[in-house]
Structure formats: structure tokens, C-alpha cells
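# Chain and residue survey
Spelled out, the chains give:
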2 protein chains.
Amino acid sequence: MSDESADELLAATHRALCRHGYADLTLRHIAAESDRSKATIHYHYHGKDELFVAFLDYLYERYTEAARAVDGTPGREQLRSLLELVLDDGAHAGPGFATALLEVRAQAPYDETVRNHLRRFDEFLVERLEAVIEDGTERGEFDDAVDPGRAAERLATLIEGARARGAVADERYRVVEEYVERELLSAEGARFGEAGR
Amino acid sequence: MSDESADELLAATHRALCRHGYADLTLRHIAAESDRSKATIHYHYHGKDELFVAFLDYLYERYTEAARAVDGTPGREQLRSLLELVLDDGAHAGPGFATALLEVRAQAPYDETVRNHLRRFDEFLVERLEAVIEDGTERGEFDDAVDPGRAAERLATLIEGARARGAVADERYRVVEEYVERELLSAEGARFGEAGR
């Protein structure tokens, strides 16, 4: 299968997942969203599980691509864009991305492969946050008493915690904004949220 | 059924849940852990779902009882005891408590009743944390520039976030300890963890 065909099939998996949820995701449903037959899909992937692993890689690629492409001049603006992307569960990465991620997360307690994939998302996010905070600290936008690695861990923990406690995207943003304004911005910093929201 | 019998049956549900997990939890398994027949259990509860809701209440009672009974003089010591209880997923509340809570959490994405129960756990924790922090602030142990309600929310979010990111109990403790030492303790405060760990 060419890369292009493979991508088309993973996009079909994405649509099928959003429409039916993981529990009712079948190769038949995926075939219905694509121009392949169920038999063709079966020829390339030995069943739903193998296809789902390929789909997790595809989701990761889209997520990291979107996170690398966030706008804004380096520093505070870039941090805000990155946080908006993450707090919306990657909604900026395209329609249905948040729904797909929700379905994937719900599988995590039952599936080590899914947990390992989510760990990659998490590690990527912490690294990206750290780089953006480091950059902003060098530019004097963030308090240089703050350790970028530690701040990145704290932010990732707050984001996941707000999500786990059932906060919707807006509330998550408040939790994180409060941390950034109180602990991260240097004394001269303008309010964090005002330009964007 | 007397209160005592009901409690005995819920304790049997707890043992069965720890042994088999939620997916394989059946009235037969629960009967095997108790001195009741499956028919007797069925007479009192119209199936596994109804019994599980009663079990969630039972778990909540045990959790809140354990959280109210934490040791330590009011203020910092009490906060440490409360956090230790929560960070261990209530392991102090008795053997198997953490396992039961893990199984319950894994059901949350699929079950609104479970989500509502977990919300009660969360609200209770935030209230309890706020009361302990308020008390400690009045005693001068915590920085009085900190708002107790806000600090309680921040702590609850960090705890859930560390859990969601797959941190084991010790790492969760570090995340939370760092917050308490850096943001919460008044300047005169000794290190938070040193007495206990």
C-alpha cells in the first residue's frame, strides 16, 4: 500500500472512530468510510488492533505537527498558542481530533499499547513546553527564577489534572492561565490571556 | 436486609471487584465472597448495576471517614496526612481500597453514574483541603497571601494530573510536595516532608 493509500485508510479509521466510538469500531465500519473493501484492509492489517496502532502513530504525527506549527512570536505568544491547542485536546489539529483522542484515552486503562502511545504525547508536550518557556525566559518574558523543565512538568500536570477532573476546555484554560500569570510571567509581563481571549 | 448484612454484602462486592475486576464482576462472584446466595442478592438488588451504585456509596463513606480521621495537629501535619491518604488512592482506608478505586475510575468514561460519584469524591477532597489550609493559615503555618480555596483547587488538580499522567504514588507526592513547599508554606515553615518521610 502506498503512503498515500495508508494515510487515506487512517483518515477513514478516524472518521469511523468519531462516528461509532472504539467499542463499535469494526473493519466493516472503516471500509464504509473509505474506498477500500474490508478484505483489502484485512490484507494490510491483521485486524482492528493492528490498524488501531497505526492510527495512534498517525494521530501522534498530526498532533506533533500541529504543535510545532503554533503561531506567535517566540515566548509568551507561542506558549499561549501551544496551550490553546492542548487545552482544546488538539481541536486545532482538525475536526474530530478531540473526539478521537477522547476515545483513545478511554482505552488506556485496558491497553498498554495505548498507554505507551499516550506517554509519547505527554513527553512530546513537556519537551515542547520546556523549549518555549526556555526561549521566553531568555527574552525576559518569563521569570528567570523559574526552572523551564519544572514549569513544563507543572503545566502538563495541571492540564491533565483539569481534564481528569472533568473540566471543560474553558475551565482548563483558567487553571493554566492562573499558573502562568502568577508563577511564570516576569514582573513586567502583561496579562497572559488578554491578547488572545 | 439489615444494615449489617448490607455492609457485609458490599464488603463482599469489594473483595470480588479486587479479585475479578469490573468487567468480570458477576453476582455469582459476589455471592462466592459472601455467605449469601446469588438469589438472595438478586432479591435485594436488581442486578449488578444497582449493587455497584450501592457499592460506590459504601466506598465514598469509607473514603470520607478515613479523610476525616487523619492524624496530626491541625495545619501542616494534618495536610500532610490528608495528602498521603489521597496520593496513595486511599490505601490507608483499608486493603484493596486503591484497587477498587482504580476499577471504578476505569468505568468513568462509560458511565455517568460513576462520573457523578467521582465528582462527589472530588468535591469532598477540595472542601477538606480548603478547611485544613484555612486552619493552617490562621496558625501562621501557610503563607496568608494564598487563598485557601484556590490552593485546594490547585492541589486537587495537581493530584489528579499526576495520577492521569501515570505517576506512581511516590512521584505524585513529589509533585504535590513541591507545590506545598514553594507556594503554600510561610517563609518560616520547616520543610514539609521532613517529619513524615
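Below: a short report on this structure. (Residues numbered from 1 in each chain as written. Chains lettered and ligands numbered in written order. Predicted model: local features only at pLDDT ≥ 70, side-chain atom pairs only at ≥ 80, totals over all residues. Heavy atoms only, no water.)

### Quick look at the overall build of chain A
Our working definition: What counts as a helix is a DSSP run of H or I of at least four residues, what counts as a strand is a run of E of at least two, and both are numbered from the N terminus. Partly exposed describes any residue whose relative accessible area lies between the buried limit of under 20% and the exposed limit of over 50%, with all areas from a 1.4 Å probe on protein chains only and scaled to the type maximum. Whether two residues touch is decided by their heavy atoms; if any such pair falls within 4.5 Å, the residues are in contact. A 1.4 Å probe and the Shrake-Rupley method give the accessible areas. Residues count as covered only by the protein chains that appear here.
Counting its regular elements, chain A contains 9 helices and 0 strands. The helix and strand sequence of chain A, counted from the amino end, reads α-α-α-α-α-α-α-α-α. Overall size of chain A, expressed as C-alpha extent along the three principal axes, is 60 × 35 × 30 Å. Expressed as a percentage of the 197 residues in chain A, the buried residues total 52%. Residue pairs in contact within chain A that sit at least 24 positions apart in sequence constitute 62% of those at least 6 positions apart. Working note: accessible area of chain A is about 9,500 Å², and carbon and sulfur atoms make up 45% of it.

### Observations concerning the interface of chain A and chain B
Applicable threshold: Using a 1.4 Å probe, buried area is obtained as the accessible area two parts lose upon being combined, added over both of them. In the sections that follow, a salt bridge refers to a side-chain nitrogen of Lys or Arg positioned within 4 Å of a carboxyl oxygen of Asp or Glu.
On the chain B side, the residues contacting the 22 residues of chain A number 22 residues. Overall, the association of chain A and chain B removes approximately 2,000 Å² of surface from exposure, summing both partners, and the carbon and sulfur fraction of that is 45%. The largest share of the area that chain A buries against chain B comes from A:Arg154, A:Thr157 and A:Arg165, three residues that together contribute 36% of it. The tally of links between chain A and chain B comes to 10 salt bridges.

### Some points on the side chain of B:Glu160
Take B:Glu160: it is sitting in helix H8 (residues 148-164). For B:Glu160, a relative accessible area of 13% puts it in the buried group.

### What about the pattern of salt bridges?
This model, assessed by the stated rule, comprises 26 salt bridges over all chains. For the salt bridge of A:Glu178 with B:Arg154, the shortest nitrogen-to-oxygen distance reads 3.2 Å. With A:Glu178 in helix H9 (residues 169-184) and B:Arg154 in helix H8, the pair connects residues from two separate chains. Classification of A:Glu178 by relative accessible area gives partly exposed; the value is 22%. Taking the relative accessible area as the measure of exposure, B:Arg154 reaches 7% and is therefore buried. Of the charged contacts in the structure, one is a salt bridge between B:Asp135 and B:Arg139, with a shortest N-O distance of 3.9 Å.

### Let's talk about the layout of surface pockets
The criterion, for reference: As defined here, a cavity is a set of points on a 1 Å grid over the protein atoms alone where a 1.4 Å probe fits but cannot get out. A pocket is an open set with protein on both sides within 12 Å along at least five of seven lines, and residues line them when an atom is within 4 Å of a point. Grid points are joined across faces, edges and corners, and a volume is the space filled by probe spheres set on the points. Each residue gets one of three labels, nonpolar for Ala, Val, Leu, Ile, Met, Phe, Trp, Tyr, Cys and Pro, charged for Asp, Glu, Lys and Arg, and polar for the others, Gly among them.
One number sums up the size of the second largest pocket: a volume of about 490 Å³. Every residue lining the second largest pocket is counted, 19 residues in all, and those nearest its centre are A:Glu153, B:Glu171, B:Arg174, B:Val175 and B:Glu178. Those elements giving two or more residues to the lining of the second largest pocket turn out to be helix H7 (112-138) and helix H8 (148-164) of chain A together with helix H9 (169-184) of chain B. Broken down by element, the residue count for the lining of the second largest pocket peaks at 7 residues, all from H9(B). Here the residues of the lining of the second largest pocket are counted per class, giving 4 nonpolar, 1 polar and 14 charged.

### Description of the relation of the copies chain A and chain B
Basically, it comes down to this: Least-squares superposition aligns the copies on the C-alpha atoms of those residues with pLDDT at or above 70 in both.
Between chain A and chain B, the superposition needs a rotation of 180 degrees and an axial shift of 0.0 Å, giving an RMSD of 0.0 Å. Each copy turns onto its partner about a two-fold axis. Every residue of chain A has its C-alpha some distance from the rotation axis, and the shortest such distance is that of A:Gly161, at 1.6 Å.

### A word on the packing of helix H1 (residues 3-20) of chain A against helix H4 (residues 48-68) of chain A
All names here are of chain A. Heads up, the rule is: To define axes, lines are fitted to C-alpha atoms, for helices over the stretch in contact only, and angles between the resulting N-to-C directions are given on a 0 to 180 degree scale. An angle below 35 degrees is treated as roughly parallel, one above 145 as roughly antiparallel, one from 65 to 115 as roughly perpendicular, and anything else as oblique.
Running from N to C, H1 and H4 cross one another at 95 degrees; their axes reach a closest spacing of 10 Å. Viewed along their axes, H1 and H4 adopt a mutual orientation that is roughly perpendicular. In this structure, H1 contributes Asp 7, Leu 10, Ala 11, Thr 13, His 14 and Leu 17 to the contact, and H4 contributes Leu 51, Phe 52, Ala 54, Phe 55, Tyr 58 and Arg 62. In terms of residue class, the contact of H1 with H4 is made up of 8 nonpolar, 2 polar and 2 charged.

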